[in-house]
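Notes for the structure review
Below, each chain spelled out in residue letters.
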Amino acid sequence: MDEWLELLPAFLLVLVRITAFFVAAPLFSLRGIPNSFKVGLSFFVAVITFATVSVEEPLMLDMSFILLTVKEAIVGLALGFVAALVIYSVQVAGAFIDFQMGFLIANLVDPQTGAQIPVIGNFKYILTLLFLLSVNGHHLLIDGVMRSYQLVPIEEMYIALGSAGVQTCALPILGSAGVAQFMARTFTQMFLIAFQMAIPIVGSLFLVDVALGILARTVPQVNVFVVGLPLKIFVGFCLILITLPGFFYLLQTVVREMVQSMGQLLQLLGGS
């Protein structure tokens, strides 16, 4: 019994990181998933992960344990946020398309996240989640957080940051230059992927606007404001259907970028 009590603090730290990861990670953070399922999944994943984690010295429930808990929560939230940030590029691409189609004024409230999202962006986001499930993306996410203990052990009070391997306290981790540069690159990559997804449809709809402008100058009797909106919606939906195979091809890049971003963040936190 005493041996189990000595292992309890280490297990709690493992549970904190995995629970924090599920709070922010895509798929697992959806509101449609019951909280009891999230807690149960976090517990069983923590049990499996704890069997593979080695702790050199028993941890004590003292002030250092509180700091370790904060560190574990930050690491889990950071991993989940980076994975979700890459997936949100699909919604950004949908916002570009909605702006060109005229749907930007008709944003919906997503029941999964509670935020206002574009119509086409929500459609593409649902397709992305289904694609993640079809290619076992949820397994990749769980595997990523389980492998994080190899680079960021639970008993280390400090996290190595930067190329020089300088150690800093876990609390100001998000304010470090290395993490800031990494997040800036991730944001840039997110908008680049969103631009690649949206540019075929946005470019085609821009040509429709040019054609309507020429029509308005040559035939003034035609009311382009009445004809233009339904025409752009019809052309937009046709282009979405045509470019759907290419969209799923780009989703492979999104999943690959998600896994690589999580790995790069772990290497940054681990100082390697």
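The structure we're discussing is the one just above.
Conventions we followed
- Residues numbered from 1 in each chain as written.
- Predicted model: local features only at pLDDT ≥ 70, side-chain atom pairs only at ≥ 80, totals over all residues.
- Heavy atoms only, no water.
- Helix = DSSP H or I, 4+ residues; strand = E, 2+ residues; numbered from the N terminus.
- Buried < 20%, exposed > 50% of the residue type's maximum accessible area, 1.4 Å probe, protein only.
- Contact = heavy atoms within 4.5 Å.
- Salt bridge = Lys/Arg side-chain N within 4 Å of Asp/Glu carboxyl O.
- Axes fitted to C-alpha atoms, helices over the stretch in contact; angles between N-to-C directions.
- Parallel < 35°, antiparallel > 145°, perpendicular 65-115°, else oblique.
- Nonpolar A, V, L, I, M, F, W, Y, C, P; charged D, E, K, R; others polar.
- Patch = residues over 30% accessible without salt bridge, like charges linked within 9 Å, V, L, I, M, F, W, Y side chains within 5 Å.
- Areas by Shrake-Rupley, 256 points an atom, 1.4 Å probe, with all protein chains shown as cover.
- Lys, Arg positive; Asp, Glu negative; His and termini not counted.

1. As for the overall build of the protein chain
From N to C terminus, the protein chain includes 9 helices and 4 strands. When the elements of the protein chain are put in sequence order from the N terminus, they spell out α-α-α-α-β-β-α-α-β-β-α-α-α. Across the 272 residues that make up the protein chain, the buried fraction comes to 43%. Considering only intrachain contacts with a sequence separation of at least 6, the fraction spanning at least 24 residues in the protein chain is 81%.

2. Let's talk about the pattern of salt bridges
On inspection of all chains with the given rule, the structure shows 4 salt bridges. Notably, a salt bridge pairs D143 with R147, separated by 2.8 Å at the nearest N-O pair. Placement of both D143 and R147 in helix α6 (residues 137-151) is noted, with a separation of 4 residues, approximately one turn of the helix. The shortest N-O distance in the salt bridge between D209 and K232 comes to 3.1 Å. Pair noted here: D209 is in helix α7 (residues 177-218) and K232 is in helix α8 (residues 224-242), with a separation of 23 residues, a long-range link. Residue K232 is classed as buried on the basis of its relative accessible area, which comes to 14%.

3. Quick word on the packing of helix α3 (residues 63-87) against helix α4 (residues 89-101)
The N-to-C vectors of α3 and α4 enclose an angle of 30°; their axes lie 4 Å apart at closest approach. Classified by the angle their axes make, α3 and α4 are roughly parallel. Contacts between α3 and α4 pair L85, V86 and I87 from the former with S89, V90 and Q91 from the latter. When grouped by side-chain class, the residues that make up the contact of α3 with α4 number 4 nonpolar, 2 polar and no charged.

4. Quick notes on a nonpolar patch on the surface
Nonpolar side chains collect at one region of the surface, where F81, F96, F187, F191, F195 and I199 lie side by side and expose about 550 Å² of accessible area between them. You can see F191 is positioned in helix α7. By relative accessible area, F191 is classed as partly exposed at 42%.

5. Observations concerning the side chain of E257
Within the secondary structure, E257 sits in helix α9 (residues 244-270). For the buried E257, no salt bridge is present, and the opposite-charge side chain at shortest range is R256, 7.3 Å distant.

Keep in mind these values describe shape, not function.
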